[in-house]
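One letter stands for each residue in the lines below.
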Amino acid sequence: MTRMSPRTAPLRTTGALAVTGLLAAGSLAVGAPAHAADPVFTLGGPAETAVRPYPVTGPPQASSLEITVHHPDTGQEGTGYEGEVTYTLDLGGIEGVAVLSPAEDTGADCRIDGATAVCHTHGVRPGLGGVAGFALTAAEGGADGATGTIEVTGSADGAVFVPFTTRVTVGGPDLVMKRLPFERRLRPGDVQPAPITFSNRGTRAADGVLLTLRYSRGLEIPERYGNCVYDAEAGEEPFDAFAWSTALCSVEGSFEPGATYTLGVPLSVRAGPHAYADTFVYGVTEDAPARTARRAGAAFHRGTGPELTLSKVTTVATRGADLDPSDNQREADFRTENTADFVAVGGTGAGAAGERVTARIGYRNDGPAWIGHLRSGESVATLDFTVPEGAEVTAKPPSCRGVTAGGGPREDQLGAPRYVCDSSTTVRDGAEATLPFELKITEAVPGAVGTVRIRGPLLSAPELTFDPEPADNTALWVLNGDGGTGDTGGTKGSTGGGASGTNGTNGSDGGSTGQGTGGSTGGDTAGSASGTTGGASSSGTAGTSGPGPSGTGGALASTGTAVLTLFGGAAAALAAGGVLYVTARRRASHR
């Protein structure tokens, strides 16, 4: 009998999309009928797990197996099943094929007794979470190609569990992608060859392969092969929520163990006009039906060029399959010599004491580059708004936080003298974000000036290193300009401190410096201005300004988390009133 110690930490939560999940097949069992009063939990895990053949010498090498359970989202925060739960694994189907043993950190209190493993836990949390982790090794004497199944069931008072069956196989193909020697420092228009090469270091041939190519907004693959399908180019729509394009290429044939293969026709990667900090991901898997399902329902279109082919290059010594998804996929980060001009957007408003106006402020990216923090998931920039004298904020966008005049934390979020709003993880060339603030006029101050500044997300590093024109990073929002209550003129070209409408000049300084690259995505989202009362109105103008009051404070830590797996996490989209409005929050702490 083998005992597995329970974890003291909370159960692991399995993300809906991980980097390796793009290249690995998996399945979850689907629903079964149950009594309407009983919650239904779905057990799952990988559809199949391959293990290395039992070695002639030395200990067997293990593959991992994690069993999961899915609690349907109830829509009530913090809810979940609170009772005792028992999970049972029937190991009779893998007798003579493989051996199940405890993982180092199993996640549950489990006992293995003969052909049965029993795990006890407390509660089932909403969403997808881990039940327990195990190690699988080939049974001594088990033949290459031997296969069997493990059946997983669950039981708890007042709950129903949909069972799950996973297959275990000894041996198989092991496709290992070679890392390409890319030049990482580029200029727009640079083209590099991508001679994708992989080896099969497993024990059996792969029956066809699927090449997966993913590339961020600034990169392009010029060729369009007839046996590849492509989704829309990243950022074709100005406010697309995703920063990635994908190509899936199916190549038929038998790819033998011990052999290395490379592309028989050219493939290239080009730095486009919008490139700045970009990533190229290239991977290979066996083109099994479970993986081709990834293409179902997606907006892919087939290429019209010649077929992409693979040629055998050499033969390598065969070893046991390592079945490590990390060597099926490689990644390359590029930094392109380019810039992006971020422009603050101000405006004007008018009203008498006691009335309310809406200040629609924001910023835009005049390009040419897109800017994205795909790996870190942090915000690209922060909008810093100083409220004009004689006005009080009564409603704010959810992505904005009230701070003190010096940029420090503040408990009461309404009525603050200053607000900071984090951008999304990515800001595309041509994108414009508008954020509505509702202001109550407490005192009619003629020509009261508020400032709108787009700056770096960290207090300690306010410069936008990619922006060569800092003069237009600040704009004005003027309340009751020219001493009247009816001024709705724009602030294009205005300079700090005075009434709107005076012309200013944009200055510039040197070029950009390096910036982190990344994997998850964000986007601009939509929201409407808060309702106004008292009959006063406001007009925001997409203008630029010379430097006004510059302020030094503000980006506070957010409780939100931007996801990073390389392909994952993005800003939410709230559509109301047709106004674009950035809501993604960054993870970096206020420093």
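Preceding this paragraph is the structure being described.
Residues numbered from 1 in each chain as written. Predicted model: local features only at pLDDT ≥ 70, side-chain atom pairs only at ≥ 80, totals over all residues. Heavy atoms only, no water.

A. Up close: the state of the cysteines. All told, the structure shown has 3 disulfides when counted by the stated rule. For Cys 110, the disulfide goes to Cys 119, at an S-S distance of 2.0 Å. Here the disulfide of Cys 110 and Cys 119 is right-handed, its torsion about the S-S bond being about 110 degrees. Each member of the pair, Cys 110 as well as Cys 119, is classed as buried. For the protein chain, the disulfide bridges join cysteines in the arrangement 1-2, 3-4, 5-6, where the cysteines are counted in sequence order. (Disulfide = S-S within 2.5 Å. Buried < 20%, exposed > 50% of the residue type's maximum accessible area, 1.4 Å probe, protein only.)

B. Region of the structure containing the sheet that holds strand E23 (residues 268-271). The strand order E16-E23-E19 describes an open sheet built from 3 strands, whose pairing is antiparallel. In this open sheet, the two edge strands, each paired with only one partner strand, are strand E16 (191-193) and strand E19 (219-220). As judged from the 3 bridges shared by E16 and E23, these two strands associate in the antiparallel manner. Paired with Val 191 across the two strands is Arg 270, which belongs to E23. (Pairing = 2+ DSSP bridges. Helix = DSSP H or I, 4+ residues; strand = E, 2+ residues; numbered from the N terminus.)

C. The pattern of salt bridges, seen in detail. If you walk through the whole model with that rule in mind, you get 12 salt bridges. The residue Arg 204 makes a salt bridge to Asp 144 at a minimum N-O spacing of 3.2 Å. Placement of Arg 204 in the loop between strand E17 (197-200) and strand E18 (206-216) and of Asp 144 in the loop between strand E10 (127-138) and strand E11 (147-155) is noted, with a sequence separation of 60 residues between them. Overall, the relative accessible area of 30% leaves Arg 204 in the partly exposed class. The class for Asp 144 is partly exposed, based on a relative accessible area of 43%. A salt bridge links Glu 337 to Arg 187; the shortest N-O distance between them is 3.6 Å. Taken together, the residues Glu 337 in the loop between strand E27 (329-336) and strand E28 (340-345) and Arg 187 in the loop between strand E15 (185-186) and E16 connect sequence positions 150 residues apart. The exposure class of Glu 337 is exposed, given its relative accessible area of 52%. Under the relative-accessibility criterion, Arg 187 is labelled exposed at 52%. Here the residues in one salt-bridge network are Glu 331, Asp 333 and Arg 375, joined through shared partners. (Salt bridge = Lys/Arg side-chain N within 4 Å of Asp/Glu carboxyl O.)

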